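# Structural overview
Listed below, chain by chain, are the residues.
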Amino acid sequence: MIETLRETMTAEPQASLAIGGLLIGALFGALVQRTNFCTMGSVSDIVNFGDWRRFRAWLLACAVAITGTQVLAFAGVVPLEKSMYLGASLNWLGHILGGLMLGFGMVFAGGCPSKTVARVGGGDLRSLVTLMVIGIAGFMAGGGVLGPSRAALEAATRVDLAGIAPSQGLGDILAAQTGITRASAGLGAGVAIAVLIALYVFASRAFRSSPVHVLSGIGIGLLIIAGWAVTGLAYDELADTPTNPISLTFVRPAGDTLDWLQRFTALGWPGFGVTTVFGAIFGAFVAATAAGQFRLATFSDPADMVRNLMGAVLMGVGGMLALGCTVGQGITGVSTLAVGSFLTFAGIVAGGVLGLKAFERMLLAEA
């Protein structure tokens, strides 16, 4: 059955990726809208209320995504080694600094890129502007005016791992040190890490007794797995321009979406990332409308707009430095067991805490 699906999807890879991204994105947007899954909110809950439930939901999503993604890799469904996360070098400073910038910026923008996309579907015009600025800033840092500085920073701090392992993945490092196959090492390491995370997550009675948090974590994790499955099955190494496997992420796709809207006639089918953005907005819109929660909102005053735009720029640039956002690195990247993804995860959390403290001081100064 897997080979039949692969043959069907590689026969029409662009259509398969576009349709798959749209469906997965729609489910993601609806789930975020209905469960209030939010990584920035999870850090805020801890700092302000001592409530760890949303943070545990984030970790549960990681555990589910790690398990499913490594199973897919072991079964040969997705060639994870082709993903952008498992390079043979580690840009440690980019991951840490980018994570800090993204975490700090999401506080001032009122949410991370994935939550911003869902809010657009709920009618928040502030989030629409924020999302556009995230995309523009990301493109500036990728190949625009900030690109040379970003590239120079990466080149100066990159650590070559070629002598240790074929990639920065924990599974590959384990395989290189033990001699077992990459797939088996990845599955073993992934399951072990996922079990440890799950034990921590479900050790909390408050979390166990909160179905919405449990379901949101499981649901988001399953959607990450679905993304890897779709892009893995559509991957054709012999194609003229193969599209490497990926799953949900929202910084680079925000810029790609703006690019596609402006150059549709030249680009043709939208890519997986672009359709996940469209899908997430649509899914959130349907969920918000069905629940009677769709409301148009805009900036409350010029200061509010400045804060949001500053946060958007930090998230766009930080997301490109770190190669992903709270979902793109914090769950999708982590599911590959890439060392850089774990560094980014830590940087995002630390940046979020610092951002909340700075935001509190700013509000006190304005009062």
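Every chain is numbered independently, its residues counted from 1 as its sequence is written. Owing to the predicted nature of the model, reporting of local features is limited to residues with pLDDT of at least 70; listing and counting of side-chain atom pairs is limited to 80 or more, with chain, interface and lining totals taken over all residues. Computation of side-chain values covers all heavy atoms of the structure but excludes hydrogens and water.

### Looking at the environment of R263
Put simply, the rule is: Numbered from the N terminus, helices here are DSSP runs of H or I no shorter than four residues, and strands are runs of E no shorter than two.
Following the sequence through the fold, R263 ends up in the loop between α13 (251-262) and α14 (264-267). A C-alpha to C-alpha distance of 32 Å links R263 and L222, two positions 41 residues apart in sequence.

### Some words on the packing of aromatic side chains
The line we're drawing: Only Phe, Tyr and Trp rings are paired, with Trp represented by its six-membered ring, and only when their centres lie within 6.5 Å; those with planes under 30 degrees apart are stacked, over 60 edge-to-face, the remainder tilted. Residue exposure (1.4 Å probe, protein chains only): buried if accessible area is under 20% of the type maximum, exposed if over 50%, otherwise partly exposed.
Considering all chains together, one arrives at 12 aromatic pairs under this definition. Taken together, a centroid distance of 6.3 Å and an interplanar angle of 65° make the contact between F55 and F345 edge-to-face. Remark: F345 occurs in helix α18 (residues 339-366) and F55 occurs in helix α4 (residues 53-74); sequence separation between them is 290 residues. Assigned by exposure class, F55 and F345 land together as buried. Residues W260 and F278 carry aromatic rings whose centres are separated by 5.8 Å and whose planes lie at 70° to one another, so their mutual orientation is edge-to-face. You can see W260 sitting in helix α13 and its partner F278 sitting in helix α15 (residues 272-290), a full 18 residues away along the chain. In this structure W260 comes out as buried when scored by relative accessible area, which is 16%. Look at F278 and you get partly exposed, because its relative accessible area is 29%.

### Some words on the nonpolar core
Spelled out, the test is: Residues grouped as a nonpolar core are buried Ala, Val, Leu, Ile, Met, Phe, Trp, Tyr and Cys residues, joined through side-chain atoms within 4.5 Å. By the convention used here, residues are in contact when the closest approach between their heavy atoms is within 4.5 Å.
Core analysis: the biggest nonpolar cluster contains 81 residues, and F28, W58, I220, L248, F250, V327 and I331 have the highest contact counts within it. Among the elements that make up this core, the one with the highest residue count is α4 (12 residues). The residues touching L248, leaving out its near neighbours within four places in the chain, are I24, F28, L223, I224, F272, T276, V327, G328 and T332.

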